[in-house]
Amino acid sequence: MKTTKDKILLDMKSIALTMFTKDFIDLERDEQYKVFATVIKNYISEYWLKKNKEVKNSDKKQVYYFSLEFLLGKMLESNILNLGLEEPCKEALEEFGITLKDLEKYDAEPGLGNAGLGRFSACFLDSMASVGVFGHGNGIRYDYGLFEQKIVNGEQIEGPDNWLKNGFVWETKKNHQSQTVKFYGEVSLKEVDGKLLPVHVGYNSVLAIPYDIPIVGYQNEVVNTLRLWQAKIKGNDFDFNSFSYGIFSEIDEKRRNAEAISKLLYPDDSTESGKILRLKQEYFLVSAGLQNIVSYYDRERKRPESYPDLISIQINGTSSALCIAEFMRILVDEKRLEWNEAWEITQKVMSFTSHTIATKSTGRWEIDKIRKVIPRVYMIIEEINRRFCAKIYKKTKDWALVEKVAIIENKHVNMLNLTVVGCHSINGVSEPHSEILKKSFFKTLYELEPEKFNNKTNGITHRRWLLKSNKNLTNLLDHTIGDGWKKDTLLLEEIGEYSENTDFLNKLQDVKFRNKESLAKFIFEETKIEVDINSIFDTHIKRFDSSKRQLLTVLYIIYLYNEIIANSEFNMYPKTFIFSSKTAAGNYLAKRTIRLINHIAEMINNDVRVNKFMKIVFIPNYGVSKAEIIIPGSDINEQISAIGTEASGTSNMKFMMNGALTLGTYEGSNVEMSKYLGEENIFIFGMRRVEKEALEAKDLYNPMKILKENKKLMNVVEKLRDGTLGRDFTSLYSYLVDGDRFYVLKDFEAYLEAQMKVEALYTNRVKWNSMAAKNIAKSGIFSGDNTVRKYAKEIWDIEV
């Protein structure tokens, strides 16, 4: 039966009666949301079941994507969009005088990630479903997200992100598919039928309970699965007698220890207990997920020898690198395969994506911790290392080289080396990042096995970041070039033909104006600050960290303040600086930067001499839903990370697709954007990698020398400690002159010049709008659909 308005109304009536024994119109708004979302989930479930049966009957290859983070965003409107039900849903709700936005307020936003990694993982799953790759995400069902950020007296205050407090409509609990994960204990080897088999005693068992979330493909009847694992104590979790006497028992302690594993995303690892908990999280995820995969194929009567034809396992970052050792444990210990056969299967099914600019401390675990927490897995890693080192020595006769590539070295397990050794494919996430992996961090391993290394530039889902979040622009694009681009974003290239078309550019400017009106309204709701929608909306939403260099923008704001106060004739095009992001609770410098921004905002926004030229806003508790409002309404986005610190970045792609121009360094995916756009359509500034390397090689960076030669910059920096700002920010001053590893002062003049170019070009609206059109036209290259197609063809060996 076709899903019409009448069918939706009939289903709403039925579900309302079943859930609340009321008519839909008599329900509270949050109850109406639950009813309506359940109706949509039921429609999804029909496709979900159908697709699972189809794949089960066809032996189609499946992809399993492991990641500690998935920042999904709210799912109601996105699911309706992907089902193609926007119009009938809108019509059905209009019968009750409500809109989809009225209900979406109650849609939970899963707190399953931190920043770019989690958002990319969510985009990746969306694109897998939309291009027809059958796959599954594997993550942890955290009770609490990273944290809820509040700004109190200008300071970031962290509170619990209890995203599950009202339940989560979209998940389905699958108790019958729970897995047991073992920690601690002692392992010995016992000979059985001529084979040495492990005997694991004295271990702690943790039950991994799966919750499935549907990932809906775009109007193609494909529904994939994100499986999230919750940690619980195995067996009886309640000691009735102890509780009756008002005392806590050993069972209570075991329950707390087990549930802690899935309690919180990224617990503080500055303590030993915090480090152990992080390790437990990593192993819990991979062990539960891999056991589940093997159990599925056991039920289907598939032998491990057939795994390379049936599954691909994509390891997303080193936090899932234990997949390699755990898979070997299952194949050798439980499936009783010979080592060499198990290793061949493991290498064929495993592939790894690096998301960071690696350092010597990246992805390293102390031997003592792994040996204590997961003893059998450590034994497997030891054997992998022994065999690999022997192989490399036999090939090279060079022990110094062996030491460079060893998995176990200096009392640590190098998880990055483990992934290279255990996977058949290693990819970076932008062209420059992949080159760094090959030429720098993995140089020796790359020279030994160059065929493993490749690049897969990150991408975004245009369905959420354009179709859902920017309907004004979506309608304009449909009217101008048709709607074929919704399924093939490379067709956005056709917009380039309109980059000099006055009528189109005027309409594009009107779209941006309406989006800026929405953003200005949102800013006022969040901060009570009124902003001028005719000003340049200059946005910085990257995670707060010294490497992201928000401080560079802050110095520029202080510079403008000084110029305005010192010169009564000063003039500039008005700007609104928009900041929104979080930082880790223990990142002192980043938290001081947030405090500085809010303090300067209060000072400038209330100074009539200055606020006609600029205002500063900080939107608290940044997340996917807020980004969906901020990005479409921005004119310029700042991607100003220091050279050598950004693997890729995807927020720049989202801004680009929404017609915002980029002000950034020649770093990460900015490099590829520059290549496709031409540097005349992007504002690139600052040092290049060669200059930075030369500076470091000769230790030539001298902040005090820069300040002495630039009096205006000296005056800016001095304000951090001379009391002018009304508060003491000496720690930031000291960082800039003594401890800055990210060359903020070195790049200040180049950044200033770039900002002046931005201002000059913005006053030429025809030119600016033309550049915006060219950005939109080239943005289709960065769709996650294109990225997934390359993974499928070049890594997973899947036709799409």
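Just above sits the structure.
The rules behind the values
- Residues numbered from 1 in each chain as written.
- Predicted model: local features only at pLDDT ≥ 70, side-chain atom pairs only at ≥ 80, totals over all residues.
- Heavy atoms only, no water.
- 1 Å grid on protein atoms, 1.4 Å probe; cavity = no way out; pocket = protein on both sides within 12 Å on 5 of 7 lines; lining within 4 Å.
- Points joined across faces, edges and corners; volume = space filled by probe spheres on them.
- Helix = DSSP H or I, 4+ residues; strand = E, 2+ residues; numbered from the N terminus.
- Nonpolar A, V, L, I, M, F, W, Y, C, P; charged D, E, K, R; others polar.
- Salt bridge = Lys/Arg side-chain N within 4 Å of Asp/Glu carboxyl O.
- Buried < 20%, exposed > 50% of the residue type's maximum accessible area, 1.4 Å probe, protein only.
- Axes fitted to C-alpha atoms, helices over the stretch in contact; angles between N-to-C directions.
- Parallel < 35°, antiparallel > 145°, perpendicular 65-115°, else oblique.
- Left-handed = near helix turned anticlockwise from the far one by under 90°.
- Contact = heavy atoms within 4.5 Å.
- Expected span 1.5 Å × (residues − 1).
- Polar contact = N/O pair within 3.5 Å; in protein donor to acceptor, adjacent residues only side chain to side chain.

## Description of the layout of surface pockets
Here is step 1: Of the pockets and cavities examined, the second largest pocket occupies roughly 610 Å³.
Here is step 2: Taken together, 24 residues form the lining of the second largest pocket, with Asn52, His136, Gln177, Arg227 and Tyr296 sitting closest to its centre.
Here is step 3: At the level of elements, helix H2 (29-58), strand E1 (62-66), strand E2 (135-140), strand E10 (223-233) and helix H9 (272-299) are the ones that each hand at least two residues to the lining of the second largest pocket.
Here is step 4: Considering every element that reaches the lining of the second largest pocket, the biggest residue donor is H2, with eight residues.
Here is step 5: For the lining of the second largest pocket, the class distribution of residues is seven nonpolar, nine polar and eight charged.

## Details of the pattern of salt bridges
Once the charged atoms of two side chains with opposite charge are near each other, the side chains can pair.
Here is step 1: Enumeration over the complete set of coordinates arrives at 65 salt bridges.
Here is step 2: Here glutamate 158 makes a salt bridge to lysine 591, at a shortest N to O gap of 2.8 Å. Of this pair, glutamate 158 sits in strand E4 (residues 155-159) while lysine 591 is found in helix H23 (residues 588-605), placing the two residues 433 residues apart along the sequence.
Here is step 3: We classify lysine 591 as buried; its relative accessible area is 17%.
Here is step 4: Through salt bridges with shared partners, a single network forms among Glu77, Glu86, Lys101, Glu104, Arg464, Lys468, Lys471 and Glu628.

## As for the packing of H2 against helix H3 (residues 76-83)
Here is step 1: H3 packs onto H2 with a crossing angle of 40° between their chain directions and a minimal axis gap of 11 Å. Taken together, the axis directions place H2 and H3 in an arrangement best described as oblique. As H2 runs across H3, the sense of the crossing is left-handed. Taken together, the residues of H3 that come into contact with H2 (itself represented by Tyr33, Phe36, Ala37, Ile40, Tyr43, Ile44 and Tyr47) are Leu76, Asn79, Ile80 and Leu83.
Here is step 2: When its residues are assigned to classes, the contact of H2 with H3 shows 10 nonpolar, one polar and no charged.

## Comments concerning helix H21 (residues 502-527)
Here is step 1: Taking 1.5 Å per residue, 26 residues should reach 38 Å; H21 reaches 36 Å between its end C-alpha atoms and fits that length.
Here is step 2: Among all positions in H21, only Phe504, Leu505, Leu508, Val511, Lys512, Asn515, Lys516, Leu519, Ala520, Phe522, Ile523 and Thr527 are buried.
Here is step 3: Capping the start of H21 is the job of one residue whose side-chain oxygen sits 3.1 Å from the backbone nitrogen of aspartate 503: asparagine 501.
Here is step 4: One or two steps after H21, the chain reaches lysine 528, where phi turns positive at roughly 65°.

## Let's talk about unusual backbone geometry
Here is step 1: Despite not being glycine, aspartate 59 shows a phi value in the positive range, around 55°.
Here is step 2: Take aspartate 59: it is sitting in the loop between H2 and E1.
Here is step 3: Note on aspartate 59: relative accessible area 41%, which makes it partly exposed.
Here is step 4: Unusually for a residue other than glycine, arginine 336 sits at a positive phi of about 60°.
Here is step 5: Tracing the sequence through the fold places arginine 336 in the loop between helix H11 (323-334) and helix H12 (339-349).

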